[in-house]
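This is what each chain is made of:
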Amino acid sequence: MNDLTGAGPARTRALLGAGLVLVSCLSVQASAALASTLFDRLGAPAVAGLRQLCAALVLMVLVRPRVRGHTRQEWAGMVVYGAAMAVMNVAYYGAVGHLPLGVAATLLFLGPFVVAVASARTWREALLPAVGLVGVVLVTEPGGTVAWAGIAFGLLSALALACYTVFAQRVGRASSGLEGLAVSVGISAMLLLPFSLPAAPSANGSDWGLVAVSGIVGVALAFTLDFRAVKMAGARVVATLFSLDPLMGALIGALALAESLSAPVLVGMGLIVSAGAAATWRAERLPVSPMPSSTDRS
(Lines give C-alpha, C1' and ligand atoms only; values in the text may rest on other atoms or scores of the structure.)
Protein backbone atom coordinates (compact mmCIF):
# COMPACT_ATOMS: atom_id res chain seq x y z
CA MET A 1 0.00 0.00 0.00
CA ASN A 2 2.90 2.35 0.62
CA ASP A 3 3.84 2.34 -3.06
CA LEU A 4 0.33 3.30 -4.03
CA THR A 5 0.21 6.18 -1.59
CA GLY A 6 3.67 7.49 -2.29
CA ALA A 7 3.27 7.94 -6.02
CA GLY A 8 0.66 7.94 -8.76
CA PRO A 9 -2.17 10.27 -9.74
CA ALA A 10 -3.97 12.15 -6.98
CA ARG A 11 -7.26 10.78 -8.25
CA THR A 12 -6.09 7.21 -7.75
CA ARG A 13 -5.01 7.98 -4.21
CA ALA A 14 -8.34 9.70 -3.55
CA LEU A 15 -10.30 6.70 -4.85
CA LEU A 16 -8.32 4.39 -2.62
CA GLY A 17 -8.87 6.78 0.28
CA ALA A 18 -12.60 6.82 -0.42
CA GLY A 19 -12.71 3.04 -0.23
CA LEU A 20 -10.91 3.11 3.11
CA VAL A 21 -13.32 5.72 4.48
CA LEU A 22 -16.27 3.61 3.33
CA VAL A 23 -15.01 0.60 5.31
CA SER A 24 -14.12 2.86 8.24
CA CYS A 25 -17.62 4.34 8.43
CA LEU A 26 -19.14 0.86 8.37
CA SER A 27 -16.78 -0.24 11.13
CA VAL A 28 -17.54 2.78 13.32
CA GLN A 29 -21.32 2.50 13.05
CA ALA A 30 -21.41 -1.29 13.44
CA SER A 31 -19.14 -1.17 16.48
CA ALA A 32 -21.19 1.68 18.00
CA ALA A 33 -24.36 -0.39 17.65
CA LEU A 34 -22.57 -3.34 19.25
CA ALA A 35 -21.06 -1.33 22.12
CA SER A 36 -24.36 0.42 22.88
CA THR A 37 -25.68 -2.85 24.33
CA LEU A 38 -23.28 -2.34 27.26
CA PHE A 39 -24.24 1.25 28.08
CA ASP A 40 -26.94 0.38 30.61
CA ARG A 41 -24.63 -1.76 32.75
CA LEU A 42 -21.22 -0.13 32.37
CA GLY A 43 -21.99 3.39 31.18
CA ALA A 44 -21.01 5.03 27.89
CA PRO A 45 -17.74 6.64 29.12
CA ALA A 46 -16.54 3.34 30.60
CA VAL A 47 -17.33 1.43 27.41
CA ALA A 48 -15.51 4.06 25.35
CA GLY A 49 -12.49 3.84 27.64
CA LEU A 50 -12.37 0.03 27.70
CA ARG A 51 -12.57 -0.35 23.95
CA GLN A 52 -9.96 2.38 23.48
CA LEU A 53 -7.69 0.44 25.84
CA CYS A 54 -8.17 -2.77 23.84
CA ALA A 55 -7.42 -0.93 20.60
CA ALA A 56 -4.28 0.63 22.08
CA LEU A 57 -2.96 -2.77 23.19
CA VAL A 58 -3.57 -4.23 19.72
CA LEU A 59 -1.83 -1.35 17.93
CA MET A 60 1.09 -1.33 20.36
CA VAL A 61 1.69 -5.04 19.72
CA LEU A 62 1.32 -4.81 15.95
CA VAL A 63 3.09 -1.50 15.30
CA ARG A 64 5.57 -1.43 18.22
CA PRO A 65 6.05 2.34 18.00
CA ARG A 66 9.17 4.00 19.33
CA VAL A 67 8.71 6.42 22.20
CA ARG A 68 12.05 8.21 22.02
CA GLY A 69 13.28 10.41 19.20
CA HIS A 70 10.14 12.49 18.66
CA THR A 71 10.38 16.27 18.62
CA ARG A 72 8.36 18.45 20.97
CA GLN A 73 6.15 19.47 18.06
CA GLU A 74 5.48 15.83 17.12
CA TRP A 75 4.55 15.00 20.71
CA ALA A 76 2.21 17.99 20.82
CA GLY A 77 0.47 16.78 17.66
CA MET A 78 0.09 13.23 18.98
CA VAL A 79 -1.23 14.44 22.34
CA VAL A 80 -3.88 16.64 20.70
CA TYR A 81 -4.75 13.82 18.28
CA GLY A 82 -5.13 11.37 21.17
CA ALA A 83 -7.15 13.84 23.23
CA ALA A 84 -9.48 14.40 20.26
CA MET A 85 -9.98 10.62 20.00
CA ALA A 86 -10.81 10.36 23.70
CA VAL A 87 -13.31 13.22 23.69
CA MET A 88 -14.87 12.05 20.40
CA ASN A 89 -15.44 8.50 21.66
CA VAL A 90 -16.96 9.51 25.00
CA ALA A 91 -19.11 12.28 23.52
CA TYR A 92 -20.33 10.19 20.58
CA TYR A 93 -21.28 7.30 22.83
CA GLY A 94 -23.06 9.80 25.07
CA ALA A 95 -25.00 11.00 22.04
CA VAL A 96 -25.84 7.43 20.97
CA GLY A 97 -27.15 6.81 24.49
CA HIS A 98 -29.72 9.60 24.08
CA LEU A 99 -30.37 9.73 20.33
CA PRO A 100 -30.99 7.32 17.44
CA LEU A 101 -27.78 6.14 15.81
CA GLY A 102 -28.43 8.04 12.59
CA VAL A 103 -29.14 11.34 14.37
CA ALA A 104 -26.00 11.01 16.50
CA ALA A 105 -23.98 10.33 13.36
CA THR A 106 -25.50 13.43 11.75
CA LEU A 107 -24.28 15.65 14.56
CA LEU A 108 -20.88 13.96 14.42
CA PHE A 109 -20.58 14.84 10.72
CA LEU A 110 -20.92 18.55 11.51
CA GLY A 111 -17.26 18.53 12.60
CA PRO A 112 -15.66 17.32 9.37
CA PHE A 113 -18.27 19.33 7.46
CA VAL A 114 -16.82 22.52 8.98
CA VAL A 115 -13.29 21.30 8.15
CA ALA A 116 -14.29 20.69 4.54
CA VAL A 117 -15.90 24.11 4.17
CA ALA A 118 -13.06 25.94 5.92
CA SER A 119 -10.41 24.36 3.71
CA ALA A 120 -12.30 24.90 0.46
CA ARG A 121 -10.58 27.26 -1.98
CA THR A 122 -13.50 27.90 -4.33
CA TRP A 123 -17.23 28.14 -3.88
CA ARG A 124 -17.64 24.93 -5.86
CA GLU A 125 -15.48 23.01 -3.40
CA ALA A 126 -17.48 24.45 -0.48
CA LEU A 127 -20.69 23.35 -2.21
CA LEU A 128 -19.78 19.63 -2.00
CA PRO A 129 -19.84 19.29 1.80
CA ALA A 130 -23.00 21.42 1.85
CA VAL A 131 -24.67 18.91 -0.49
CA GLY A 132 -23.46 16.11 1.77
CA LEU A 133 -24.93 17.87 4.81
CA VAL A 134 -28.33 18.19 3.12
CA GLY A 135 -28.17 14.47 2.43
CA VAL A 136 -27.33 13.80 6.06
CA VAL A 137 -30.42 15.72 7.21
CA LEU A 138 -32.64 13.79 4.82
CA VAL A 139 -31.21 10.42 5.85
CA THR A 140 -31.77 10.98 9.55
CA GLU A 141 -35.21 12.65 9.22
CA PRO A 142 -34.82 14.77 12.36
CA GLY A 143 -37.93 15.54 14.33
CA GLY A 144 -39.89 14.69 17.43
CA THR A 145 -38.88 15.39 21.01
CA VAL A 146 -35.44 16.94 21.29
CA ALA A 147 -33.03 15.22 23.70
CA TRP A 148 -30.86 18.19 24.61
CA ALA A 149 -28.30 16.09 26.45
CA GLY A 150 -27.85 14.01 23.30
CA ILE A 151 -27.59 17.15 21.18
CA ALA A 152 -24.89 18.56 23.48
CA PHE A 153 -22.92 15.30 23.37
CA GLY A 154 -23.31 15.20 19.60
CA LEU A 155 -22.00 18.72 19.10
CA LEU A 156 -19.04 17.99 21.38
CA SER A 157 -18.28 14.86 19.35
CA ALA A 158 -18.43 16.96 16.18
CA LEU A 159 -15.87 19.42 17.56
CA ALA A 160 -13.61 16.54 18.56
CA LEU A 161 -13.95 14.88 15.14
CA ALA A 162 -12.98 18.16 13.46
CA CYS A 163 -9.76 18.22 15.51
CA TYR A 164 -9.28 14.50 14.85
CA THR A 165 -9.53 15.05 11.07
CA VAL A 166 -7.03 17.92 11.03
CA PHE A 167 -4.48 16.33 13.35
CA ALA A 168 -4.68 12.97 11.58
CA GLN A 169 -3.07 14.71 8.62
CA ARG A 170 -0.50 16.54 10.75
CA VAL A 171 0.54 13.44 12.69
CA GLY A 172 0.60 11.43 9.47
CA ARG A 173 3.03 13.86 7.85
CA ALA A 174 5.29 13.87 10.91
CA SER A 175 5.54 10.10 11.47
CA SER A 176 6.38 7.02 9.48
CA GLY A 177 3.74 4.38 8.87
CA LEU A 178 1.26 3.92 11.73
CA GLU A 179 3.65 4.91 14.51
CA GLY A 180 2.02 8.26 15.25
CA LEU A 181 -1.43 6.69 15.23
CA ALA A 182 -0.43 3.94 17.67
CA VAL A 183 1.09 6.43 20.12
CA SER A 184 -1.97 8.70 19.84
CA VAL A 185 -4.39 5.84 20.53
CA GLY A 186 -2.26 4.92 23.53
CA ILE A 187 -2.49 8.51 24.81
CA SER A 188 -6.25 8.43 24.26
CA ALA A 189 -6.55 5.19 26.27
CA MET A 190 -4.55 6.69 29.15
CA LEU A 191 -6.75 9.79 29.23
CA LEU A 192 -9.82 7.55 29.56
CA LEU A 193 -8.40 5.39 32.38
CA PRO A 194 -10.46 7.27 35.02
CA PHE A 195 -13.55 5.87 33.26
CA SER A 196 -12.30 2.44 32.20
CA LEU A 197 -10.44 1.25 35.33
CA PRO A 198 -13.37 1.54 37.80
CA ALA A 199 -15.67 -0.30 35.37
CA ALA A 200 -13.25 -3.13 34.51
CA PRO A 201 -14.12 -5.35 37.54
CA SER A 202 -17.83 -5.13 36.66
CA ALA A 203 -17.31 -6.47 33.12
CA ASN A 204 -17.88 -10.20 32.64
CA GLY A 205 -16.43 -12.44 29.95
CA SER A 206 -19.18 -11.64 27.46
CA ASP A 207 -18.75 -7.91 28.07
CA TRP A 208 -15.01 -8.15 27.44
CA GLY A 209 -15.68 -9.99 24.19
CA LEU A 210 -17.98 -7.21 22.96
CA VAL A 211 -15.54 -4.54 24.11
CA ALA A 212 -12.62 -6.27 22.36
CA VAL A 213 -14.50 -6.66 19.07
CA SER A 214 -15.77 -3.08 19.26
CA GLY A 215 -12.28 -1.77 20.04
CA ILE A 216 -10.56 -3.71 17.28
CA VAL A 217 -13.19 -2.96 14.63
CA GLY A 218 -14.35 0.51 15.67
CA VAL A 219 -11.03 1.96 16.83
CA ALA A 220 -7.93 0.04 15.74
CA LEU A 221 -9.26 -0.81 12.27
CA ALA A 222 -11.37 2.31 11.69
CA PHE A 223 -8.74 4.78 12.89
CA THR A 224 -6.06 3.02 10.86
CA LEU A 225 -8.21 3.30 7.75
CA ASP A 226 -8.95 6.98 8.48
CA PHE A 227 -5.25 7.63 9.03
CA ARG A 228 -4.31 6.03 5.71
CA ALA A 229 -7.15 7.77 3.89
CA VAL A 230 -6.15 11.23 5.12
CA LYS A 231 -2.57 10.64 4.02
CA MET A 232 -3.78 9.53 0.58
CA ALA A 233 -6.56 11.99 -0.18
CA GLY A 234 -6.09 14.88 2.28
CA ALA A 235 -8.22 16.14 5.16
CA ARG A 236 -10.74 18.06 3.00
CA VAL A 237 -11.71 15.10 0.84
CA VAL A 238 -11.88 12.72 3.81
CA ALA A 239 -13.92 15.27 5.79
CA THR A 240 -16.49 15.31 2.99
CA LEU A 241 -16.47 11.51 2.76
CA PHE A 242 -17.24 11.28 6.49
CA SER A 243 -20.80 12.12 5.44
CA LEU A 244 -21.03 8.37 4.78
CA ASP A 245 -21.32 7.82 8.56
CA PRO A 246 -25.03 8.72 8.75
CA LEU A 247 -25.61 6.72 5.58
CA MET A 248 -24.08 3.67 7.26
CA GLY A 249 -26.18 4.32 10.35
CA ALA A 250 -29.36 4.31 8.25
CA LEU A 251 -28.33 1.14 6.42
CA ILE A 252 -27.43 -0.69 9.63
CA GLY A 253 -30.79 0.32 11.09
CA ALA A 254 -32.56 -1.02 8.00
CA LEU A 255 -30.68 -4.32 7.97
CA ALA A 256 -30.42 -5.03 11.70
CA LEU A 257 -33.72 -3.50 12.85
CA ALA A 258 -35.82 -4.04 9.70
CA GLU A 259 -36.45 -0.32 9.38
CA SER A 260 -37.87 0.77 6.05
CA LEU A 261 -36.18 3.48 3.99
CA SER A 262 -38.47 6.32 2.96
CA ALA A 263 -38.18 8.39 -0.21
CA PRO A 264 -36.41 11.31 1.58
CA VAL A 265 -33.88 8.87 3.01
CA LEU A 266 -33.16 7.44 -0.43
CA VAL A 267 -32.75 10.95 -1.85
CA GLY A 268 -30.42 11.82 1.02
CA MET A 269 -28.32 8.74 0.33
CA GLY A 270 -27.99 9.81 -3.28
CA LEU A 271 -26.84 13.30 -2.27
CA ILE A 272 -24.29 11.92 0.19
CA VAL A 273 -22.82 9.48 -2.29
CA SER A 274 -22.77 12.15 -5.00
CA ALA A 275 -20.95 14.65 -2.79
CA GLY A 276 -18.39 12.05 -1.77
CA ALA A 277 -17.83 10.91 -5.34
CA ALA A 278 -17.45 14.50 -6.57
CA ALA A 279 -14.96 15.35 -3.82
CA THR A 280 -12.92 12.29 -4.72
CA TRP A 281 -13.01 13.05 -8.44
CA ARG A 282 -11.95 16.68 -7.95
CA ALA A 283 -9.04 15.56 -5.78
CA GLU A 284 -6.91 15.20 -8.94
CA ARG A 285 -6.47 18.98 -8.87
CA LEU A 286 -5.36 19.05 -5.24
CA PRO A 287 -1.75 18.59 -4.12
CA VAL A 288 -1.43 15.57 -1.83
CA SER A 289 1.64 14.90 0.27
CA PRO A 290 3.09 11.44 -0.34
CA MET A 291 2.98 8.90 2.45
CA PRO A 292 6.37 8.02 3.89
CA SER A 293 7.36 4.41 3.34
CA SER A 294 8.28 2.08 6.15
CA THR A 295 11.92 2.35 5.07
CA ASP A 296 11.93 6.01 6.15
CA ARG A 297 11.84 5.02 9.84
CA SER A 298 14.92 6.35 11.63
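Residues numbered from 1 in each chain as written. Predicted model: local features only at pLDDT ≥ 70, side-chain atom pairs only at ≥ 80, totals over all residues. Heavy atoms only, no water.

Draft legend 1. How the structure looks around the packing of aromatic side chains. For the structure on display, the rule yields 3 aromatic pairs. Plain terms: the ring middles of Phe39 and Tyr93 are 5.1 Å apart, the flat faces sit at 50° to each other, and that makes the pair tilted. With a gap of 54 residues between them, Phe39 in helix H3 (residues 39-42) and Tyr93 in helix H5 (residues 72-98) connect regions that are remote in the sequence. Like Tyr93, Phe39 is buried. Note on Tyr81 and Phe227: the rings are 6.5 Å apart at their centroids and 25° apart in plane angle, and the pair reads as stacked. Here Phe227 lies in helix H11 (residues 205-233) and Tyr81 lies in helix H5, a separation of 146 residues in the sequence. For the pair shown, Tyr81 and Phe227 are each scored as buried. What links up through ring pairs into an aromatic cluster is the set Tyr81, Tyr164 and Phe227. (Phe/Tyr/Trp six-rings, centres within 6.5 Å; stacked < 30°, edge-to-face > 60°. Helix = DSSP H or I, 4+ residues; strand = E, 2+ residues; numbered from the N terminus. Buried < 20%, exposed > 50% of the residue type's maximum accessible area, 1.4 Å probe, protein only.)

Draft legend 2. Spatial organisation of the packing of helix H4 (residues 44-63) against helix H9 (residues 179-191). Interaxial distance between H4 and H9 falls to 8 Å at its minimum, and their mutual angle equals 150°. Taken together, the axes of H4 and H9 are roughly antiparallel relative to one another. Judged by the twist between their axes, the crossing of H4 over H9 is left-handed. Along its contact with H4, which presents Gln52, Leu53, Ala55, Ala56, Leu59, Met60 and Val63, the element H9 presents Glu179, Ala182, Val183, Val185, Gly186, Ser188 and Ala189. Counted by class, the contact of H4 with H9 contains 10 nonpolar, 3 polar and 1 charged residues. (Axes fitted to C-alpha atoms, helices over the stretch in contact; angles between N-to-C directions. Parallel < 35°, antiparallel > 145°, perpendicular 65-115°, else oblique. Left-handed = near helix turned anticlockwise from the far one by under 90°. Contact = heavy atoms within 4.5 Å. Nonpolar A, V, L, I, M, F, W, Y, C, P; charged D, E, K, R; others polar.)

Draft legend 3. Expanded view of the environment of Leu128. Along the chain, Leu128 falls in helix H7 (residues 123-140). A relative accessible area of 11% places Leu128 in the buried class. In sequence terms Leu128 and Thr240 are 112 residues apart; their C-alpha atoms lie 7.4 Å from each other.

Draft legend 4. Focus on empty space enclosed by the protein. Under the defined criterion, the tally for this structure stands at 1 cavity of 30 Å³ or more. When its volume is computed, the largest cavity comes out at roughly 160 Å³. Around the largest cavity, the lining comprises 16 residues; the ones closest to its centre are Val28, Met88, Leu108, Leu161 and Phe223. Those elements that place two or more of their residues in the lining of the largest cavity are helix H2 (10-35), H5, helix H8 (148-174) and H11. A total of 4 residues in the lining of the largest cavity trace back to one element, the largest contributor, which is H5. The class makeup of the residues in the lining of the largest cavity is 10 nonpolar, 3 polar and 3 charged. (1 Å grid on protein atoms, 1.4 Å probe; cavity = no way out; pocket = protein on both sides within 12 Å on 5 of 7 lines; lining within 4 Å. Points joined across faces, edges and corners; volume = space filled by probe spheres on them.)

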